[in-house]
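# Analysis of the macromolecular model
Take a look at the letters that make up each chain.
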Amino acid sequence: MNFRWRVNFLFLACFFLRLCFTGKYLDSCDSIDFALGLQDYDLSQFQPHFPGYPVYIFISRLFFKVFRDDVWALTMPGVLFGSLTIFPLSLLAKHLFSEKIAILTALFYLLNPLCWLQSERPTSDTMGLFFVIVSACLLCYACTTAHKGCIFWGSLALGFGLGTRISNFPFIAVWAASLFYITTLKVPREKRALSLGLLGLTIGIITWLFPQIGYVGWRPFWQNGFVFSHGHFTDWGGSVITFGGLDRIICLAKSIWAYGLGGWWYDSSVLRLIPSVIMAISLYWFLKYRRVDRRVRFLGAYVLPYLLWVILGQNVANPRHILPIIPLLLMMIAYGLCKAGERDYKGIALILTLSLIMSMAVTSFRLVIKYHQEVPAPIQIIQWIERQGNPLSLRIYCSDEKRFFDYYAPQWDVRKVRDITEVQRDLLSSLDNPQQILLVHSFGEIRQFGITHPPRVTIKGNPYTDSTREGLLLYTLTGL
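Notes on the structure in this doc start here. As the structure is a prediction and not an experimental result, all values here were calculated from the model. (Residues numbered from 1 in each chain as written. Predicted model: local features only at pLDDT ≥ 70, side-chain atom pairs only at ≥ 80, totals over all residues. Heavy atoms only, no water.)

What follows covers the nonpolar core. In terms of nonpolar packing, the biggest core is built from 90 residues, with Phe-108, Tyr-302 and Met-331 touching the most fellow members. A total of twelve residues in this core trace back to one element, the largest contributor, which is helix α16 (residues 326-342). Among residues more than four places away in sequence, those in contact with Met-331 are Leu-89, Leu-92, Ala-93, Leu-96, Phe-97, Ile-101, Thr-105 and Leu-299. In this structure, Phe-64, Val-79, Trp-384 and Cys-398 belong to the second largest nonpolar core, which totals 55 residues. (Core = buried A, V, L, I, M, F, W, Y, C linked by side-chain atoms within 4.5 Å. Buried < 20%, exposed > 50% of the residue type's maximum accessible area, 1.4 Å probe, protein only. Helix = DSSP H or I, 4+ residues; strand = E, 2+ residues; numbered from the N terminus. Contact = heavy atoms within 4.5 Å.)

The next subject is the side chain of Gln-212. Within the secondary structure, Gln-212 is located in helix α11 (residues 192-216). Leaving out residues up to four positions away in the same chain, Gln-212 has contacts with Tyr-41, Leu-43, Pro-51, Gly-52, Pro-54, Gly-217 and Phe-221.

To continue, consider the packing of aromatic side chains. Counted under the stated rule, the structure contains 30 aromatic pairs. Considering the side-chain rings of Phe-21 and Trp-116, the 6.1 Å spacing of their centres and the 70° angle between planes classify their relative orientation as edge-to-face. Within this pair, whereas Phe-21 is found in the loop between α1 (3-20) and α2 (29-39), its partner Trp-116 is found in helix α7 (residues 113-119), the two being separated by 95 residues in sequence. The exposure class of Trp-116 is buried, given its relative accessible area of 0%. Ring centres 5.5 Å apart and planes at 80° place the aromatic pair Phe-286 and Tyr-335 in the edge-to-face group. (Phe/Tyr/Trp six-rings, centres within 6.5 Å; stacked < 30°, edge-to-face > 60°.)

Turning to the packing of α16 against helix α17 (residues 346-373), a few remarks are in order. Where α16 meets α17, the axes come as close as 7 Å, and the angle between the chain directions of the two elements is 150°. When the axis of α16 is compared with that of α17, the two are roughly antiparallel. Here Ile-333, Leu-337, Ala-340 and Gly-341 of α16 lie close against α17, whose contacting residues are Lys-346, Ala-349, Leu-352, Thr-353 and Leu-356. Looking at the contact of α16 with α17 residue by residue, the class counts come to six nonpolar, two polar and one charged. (Axes fitted to C-alpha atoms, helices over the stretch in contact; angles between N-to-C directions. Parallel < 35°, antiparallel > 145°, perpendicular 65-115°, else oblique. Nonpolar A, V, L, I, M, F, W, Y, C, P; charged D, E, K, R; others polar.)

Further remarks concern the layout of surface pockets. There is about 530 Å³ of room inside the second largest pocket. Forming the boundary of the second largest pocket are 19 residues, of which Ser-268, Ser-269, Arg-272, Leu-367 and Tyr-464 lie nearest the centre. If you list the elements that add at least two residues to the lining of the second largest pocket, you get α13 (245-260) and α17. No other element matches α17, which puts six residues into the lining of the second largest pocket. Taken together, the residues of the lining of the second largest pocket break down into nine nonpolar, five polar and five charged. (1 Å grid on protein atoms, 1.4 Å probe; cavity = no way out; pocket = protein on both sides within 12 Å on 5 of 7 lines; lining within 4 Å. Points joined across faces, edges and corners; volume = space filled by probe spheres on them.)

Here it is, written out as structure tokens:
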């Protein structure tokens, strides 16, 4: 079986497996924003939030015309484009290293817990990854051949990727580094490379930016952008400004190692020690056998700028934010195993490779089955309240979970608060007080309400997917 047929087979397997375990619910505030945006696109109401993810929303609306279901419409882009990523990823690994490493990288990608799980979710991350890998693949090929078509199409793909996820902007660094390499080192007389790259990136951006601005308006678009950016960095975005120190470093390490690669952590199964040891040995072999050359520099230009952005500006406790660097780490692991097998440790490398594939598959199957069957924590809270009686006689105070109530129970009286002072202020300003007051909040925020009695309900979240991964508590408020 030649390389093309093996990649085709892996794509079909990837698509089938991802299709079998798609999510049944909107599992995060972002997915709620996307669903609301499908029906009423409004950046000012965070439907979705700035910059509006226009490419992802456009593709999701096409799926909505087929399925007439918000969850399926938002999930299918991840299933489809997450599977299609097999092609550019394997071609990138083949061009950088070899066919054998490319096939093993594609297989690792198929079975990796984070890459698999994110493809099942109603979010834009996996679709954004597809455009980034396509761009990297074409630009890498252009660095060797100076092929004008690859320069243009790779730049165009990156432009589309920014319209899918604007947070992928650090990959402009690998784009700029590739154009610099082509114009100054490989073909110093070929000045068209820079023009083609700028043209492709510009067309890719204006394809979604101009319609976006035309729909929203210049002034509201930039106003929403300023408000969202300010809030992201100074309030709720989980940047280094609002969440720093040693805890941030630990969260980042856990997101990459435990959630991203499926390695062992103190709160995970001891069986994860097996892939942890194998991946550590494989990365050591990568460093041992791979000398620093243009290929390693290309990997560095891809990984390091984005990793720096995650460290400074993203919520490191959210595993999906480190998704774009996982395929490249898998490629390094595949390289280490393959090169060790070709040189000094043939039998050992084969055993380690098979063991890693099996352990990765077991871990991922457990995660996707759990995700497919479980109900997200905020929706469990809503279902519990429904079972207790007449929810219309209640008033519910919560934080970001209000987005779930807005979508799944829009007729309920639900208000967003941050502390007990805001609750008291709202009650004093109300003409009619409700029969019963409930408070829904996470473990980390509940101390701001001064509650000492135990909660009526405690629901754990899924650390891989739930926006409330630490879980939710439901209290009855009295004496206010």
